[in-house]
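Topology and contacts: notes
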Amino acid sequence: MATLAPQPDTVYAPDPLDVSRPELYRDDTWHSPFRELRAKGGIHYTEVSDFGPYWSIANYKSIVHVESLPELYSSEAAGITIADLKEGDVRMPMFIAMDRPKHTGQRRTVAPAFTPSEMVRLSANIRARTAEVLDALPVGEGFDWVDTVSIELTTQMLAILFDFPWADRRKLTFWSDWAGDIEIAKDPVKKQERLAHLWECAAYFSQLWNAKVGKEPSPDLISMMIHSDAMSEMDQQEFLGNLILLIVGGNDTTRNSMSAYAYGLDRFPDERGKLENDPGLIANATQEIIRWQTPLAHMRRTATADAEIDGHRIRAGDKLALWYVSANRDESVFADADSIRVDRANARRHLAFGHGIHRCVGARLAELQIGILLEEMAKRRLRVNVTGEPTRVAACFVHGYKSLPVELSRY
Ligand code: HEM
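As recorded in an unreviewed UniProt entry, the protein goes by Cytochrome P450 and comes from Sphingomonas donggukensis.

1. Quick word on unusual backbone geometry
Negative phi characterises most residues that are not glycine, and trans characterises most peptide bonds. The peptide bond linking arginine 100 to proline 101 adopts the cis configuration, its omega dihedral lying at 5 degrees. Topologically, proline 101 is positioned in the loop between β3 (73-74) and α4 (102-110). Positive phi is not limited to glycine here, since aspartate 28 has a value of about 60 degrees. Relative to the helices and strands, aspartate 28 is located in the loop between α1 (22-26) and α2 (31-39). Looking at aspartate 28, the number of C-beta atoms within 10 Å reads 11, which means it is exposed. Here the phi dihedral of aspartate 163 falls at roughly 55 degrees; this positive angle occurs in a residue that is not glycine.

2. Considerations on the sheet that holds strand β4 (residues 143-144)
Spatially, three strands are ordered β4-β12-β9 in an open sheet, and the strand pairing comes out antiparallel. Of all the strands in the sheet, the pair left with one neighbour each is β4 and β9 (382-386). Pairing of β4 with strand β12 (residues 405-410), which is carried by two bridges, proceeds in the antiparallel orientation. Residue pairing in the sheet places aspartate 144 in a bridge with proline 405 of β12.

3. Quick word on the pairing of strand β2 (residues 54-57)
Neither face of β2 is left uncovered, since the one carrying Tyr54 and Ser56 and the one carrying Trp55 and Ile57 both have all their residues buried. One ladder, built from four bridges, connects strand β1 (residues 43-46) with β2; its direction is antiparallel. From the neighbouring strand, threonine 46 faces β2, where its bridge partner is tyrosine 54. With three bridges connecting them, β2 and strand β8 (residues 319-323) associate as parallel partners. The partner of isoleucine 57 across the bridge, within β8, is leucine 322.

4. Details of the nonpolar core
Ranked by internal contacts, the top residues of the largest apolar core, which has 105 residues, are Ile57, Ile244, Tyr261, Leu320, Leu322, Trp323 and Tyr324. In terms of residue count, the dominant contributor to this core is helix α11 (residues 236-267) (14 residues). Isoleucine 57 has contacts with Gly42, Ile43, Ser62, Ile63, Val66, Leu320, Ala321, Leu322 and Trp323, leaving out every residue within four places of it along the chain.

5. Some points on the site of the ligand
Taken together, 28 residues lie around the ligand, and Gly249, Gly250, Gly354, Cys360 and Gly362 are the ones closest in. Contributing elements (two or more residues each) for the shell around the ligand: α11 and α15 (363-379). Per-element tally for the shell around the ligand: the top contributor is α11, with seven residues. Here the shell around the ligand is built from residues that sort into 15 nonpolar, ten polar and three charged.

Calculation rules
- Residues numbered from 1 in each chain as written.
- Predicted model: local features only at pLDDT ≥ 70, side-chain atom pairs only at ≥ 80, totals over all residues.
- Helix = DSSP H or I, 4+ residues; strand = E, 2+ residues; numbered from the N terminus.
- Buried ≥ 20, exposed ≤ 12 C-beta atoms within 10 Å, placed from the backbone.
- Pairing = 2+ DSSP bridges.
- Core = buried A, V, L, I, M, F, W, Y, C linked by C-beta atoms within 7 Å.
- Contact = placed C-beta atoms within 7 Å.
- Near = placed C-beta within 6 Å.
- Nonpolar A, V, L, I, M, F, W, Y, C, P; charged D, E, K, R; others polar.

Here's what the structure looks like:
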């Protein structure tokens with residue numbers, strides 16, 4: 001298909017398969033257009049959208065194909081979200097938006113923070129903090145699960161990872177919320193405001209950085225970055241970019257998986273019952289909840305040369321949105337994909353962490369934190385009952401919840 005620029009005088013009918021529209025996520029109505037997209041083969045070109053023309057890659061097999069060819073489908077050429085960088089925008093280099101070889105060196109620097117032995121080291125602290133939060137929750141009284149549990153636990157997890165000043169930890173949430181909202185790209189005033197907050201974030205982290213320079217290495221991420229060859233010489237924008245990557249990468253995603261645990265199991269009470277009767281299912285249920293939620297709806301790639309995917313002609317420069325949210329509902333891989341099945345045999349095959357060289361470096365930490373939450377809930381025989389509709393994030397990138405009214409009971 002030709003990828004001509006839209007003509008200014010032509011009136012274009014809205015594309016019903018334009019899955020970048022924020023209201024689809026705000027109203028939770030994305031299922032049907034994606035089902036249609038997959039039924040049509042899973043590859044579709046949207047000529048006109050708020051984010052310009054783009055290809056939707058919406059089936060499992062094609063996303064794996066694209067992510068297996070990182071030279072042909074670049075993360076660096078134009079970034080990793082469907083929102084294009086505009087002229088004059090400040091670019092924040094981060095390794096998720098770099099190609100090889102630079103990506104390899106920078107990823108290698110932070111990877112030691114997420115090894116299995118590091119997870120064992122962090123787990124006692126994360127478990128103790130999780131227990132503290134759960135023990136303070138009211139039983140039989142309404143509260144907002146998102147703020148009280150999902151945001152609090154995720155923020156604590158990141159504060160532990162960065163050795164971030166405990167009393168200021170909610171700043172991480174604040175900066176992450178500003179950084180991860182791609183709808184801001186449409187509003188120049190908010191874009192300026194965002195930039196101001198992100199520089200404030202950089203200044204704060206610069207202080208933490210300076211306090212650790214010349215000191216003995218410690219196992220937190222900032223110290224690891226200081227003592228690595230690939231990252232110690234970063235300029236300020238690169239430093240900021242990579243910090244924001246780690247904060248946003250870990251924040252909205254883990255938070256929204258925890259909210260999906262509460263919301264999703266309430267929608268599938270038989271599955272909740274299975275899990276309550278057999279805590280041995282927790283590790284698998286963690287994967288299944290992440291699949292079902294898919295906290296990042298998409299990642300973007302840009303073609304570096306003409307190519308073909310499943311008979312569709314892609315041109316150099318074309319934008320591709322890889323819709324994980326759809327691949328994880330692909331019935332050719334996941335039977336009864338719209339349902340949570342805590343004992344689903346292939347739950348681990350989900351694409352919520354991506355695939356290939358950029359596959360989420362923090363996946364183990366997210367699994368650890370979510371698994372601990374489920375274990376500590378089970379120990380206390382606590383059940384989450386949803387008491388009203390959630391409000392959802394209105395955007396096609398971060399896929400999640402702003403609030404979720406709940407009440408706890410014991411089983
Ligand atoms: C990359 C999802 C938790 C840090 C990614 C990617 C996805 C993702 C989809 C891009 C993969 C690709 O392009 O193929 C998630 C989900 C999480 C989660 C669903 C939770 C359930 C975390 C945590 C951290 C983190 C806890 C760190 C604190 C990163 C980083 C990258 C990344 C640094 C870039 C990796 C690279 O480019 O090599 N994540 N993430 N993520 N994530 Fe996560």
